[in-house]
Amino acid sequence: LKEAERMKHRFASNVSHELRTPLSVITLLSGNLDALGERLSPEKRSAMIKDIRRHAQVLDELITDVLEMSSIDSGRLSPELQILDLAPLLRDEMQRLAPLAERRQQQLTAGGDASLMVRADGRQLRRVVRNLINNAVKYSPEGGHIDCRWQRLDLHPDPAPDQRWPGVERLAPG
């Protein structure tokens, strides 16, 4: 029972963390719109409203994800694995979180292979990427630089030392 209670607490903490990111952006943008609305150009106001709507959609997706995770845990739903391009997903999430970085005077940059095909559940992968970028923004100093890079690594069961993923001593076959 103690383990189940601990897992329940960790789950609630993770869900809270997930929901706070888009909510923070919505709060920031709507506050700016409220305070500066009259002084903003129609284009800037429209862009801010679109960003607010996009982050509201992220909140809706997160709520759906929580319900899906419950279904997966109960065995009623399996992850939807598909081939997808990670590069545009990374760029999109960086763009979505740019307002948080701007608020902290941080510079976000991205780079890597033009395309990086992976087999994954798109929603779950997007959630992981969103958390990584959000944590980088949160835990980097104000005025800092956050650089997101991606590349394909060809991993073999026993790669040469200079081709190993940092911290990996040996990969199990398969």
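Just so it is clear, the structure is predicted and the values come from calculations on it, not from any experiment.

Topic: the overall build of the chain
Looking only at helices and strands, the chain features four helices and four strands. Counting from the amino terminus, the chain carries its helices and strands in the arrangement α-α-β-α-β-β-α-β. The 174 residues of the chain split such that 32% are buried. Excluding contacts between residues fewer than 6 apart, the proportion of contacts in the chain whose partners are at least 24 apart in sequence is 79%.

What about the pairing of strand β4 (residues 145–150)?
Across the two faces of β4 the burial differs, with Ile146, Cys148 and Trp150 buried and His145, Asp147 and Arg149 not buried at all. Here strand β2 (residues 107–112) pairs with β4 via six bridges, running parallel. Opposite Gly111, over in β4, you have Arg149 as the bridge partner.

Quick notes on the confidence of the model for the chain
Mean pLDDT over the chain stands at 82; residues scoring 70 or higher make up 84%. Confidence drops under a pLDDT of 50 for residues 168–174, and excluding neighbours within four residues, the segment shows seven contacts in the predicted structure.

Details of the nonpolar core
One finds Leu86, Leu90, Val129 and Trp150 to be the most contacted residues of the largest nonpolar core, which totals 26 residues. Elements supplying a minimum of two residues to this core: α1 (2–36), α2 (42–73), α3 (86–103), α4 (122–139) and β4. Top element by residues in this core is α3. It accounts for eight residues. Excluding residues within four positions of it along the chain, Leu90 makes contact with Val129, Ile133, Cys148 and Trp150.

What to know about the side chain of Ser140
Along the chain, the position of Ser140 falls in the loop between α4 and β4. There is a polar contact of 2.5 Å between the side chain of Ser140 and the backbone oxygen of Ala136. Ignoring any residue separated from it by four or fewer positions in sequence, one finds Ser140 in contact with Arg104, Gln106 and Ile146.

Regarding the pattern of salt bridges
Inspection of every chain in the model, using the stated rule, returns seven salt bridges. A salt bridge links Arg126 to Asp92; its shortest N-O distance comes to 2.8 Å. Within this pair, whereas Arg126 is found in helix α4, its partner Asp92 is found in helix α3, the two being separated by 34 residues in sequence. On the accessibility criterion, Asp92 (23% relative accessible area) is partly exposed. The residue Arg126 makes a salt bridge to Glu93 at a minimum N-O spacing of 2.7 Å. One end of the pair, Arg126, is in helix α4; the other, Glu93, is in helix α3, with 33 residues separating them in the sequence.

With respect to the side chain of Asn134
In this structure, Asn134 sits in helix α4. Of the residues examined, Asn134 reaches a relative accessible area of 3% and is grouped as buried. The contact partners of Asn134, leaving out residues within four places of it in the chain, are His17, Thr21, Leu97 and Leu100.

So, how was this worked out
- Residues numbered from 1 in each chain as written.
- Predicted model: local features only at pLDDT ≥ 70, side-chain atom pairs only at ≥ 80, totals over all residues.
- Heavy atoms only, no water.
- Helix = DSSP H or I, 4+ residues; strand = E, 2+ residues; numbered from the N terminus.
- Buried < 20%, exposed > 50% of the residue type's maximum accessible area, 1.4 Å probe, protein only.
- Contact = heavy atoms within 4.5 Å.
- Pairing = 2+ DSSP bridges.
- pLDDT = per-residue confidence, 0-100.
- Core = buried A, V, L, I, M, F, W, Y, C linked by side-chain atoms within 4.5 Å.
- Polar contact = N/O pair within 3.5 Å; in protein donor to acceptor, adjacent residues only side chain to side chain.
- Salt bridge = Lys/Arg side-chain N within 4 Å of Asp/Glu carboxyl O.

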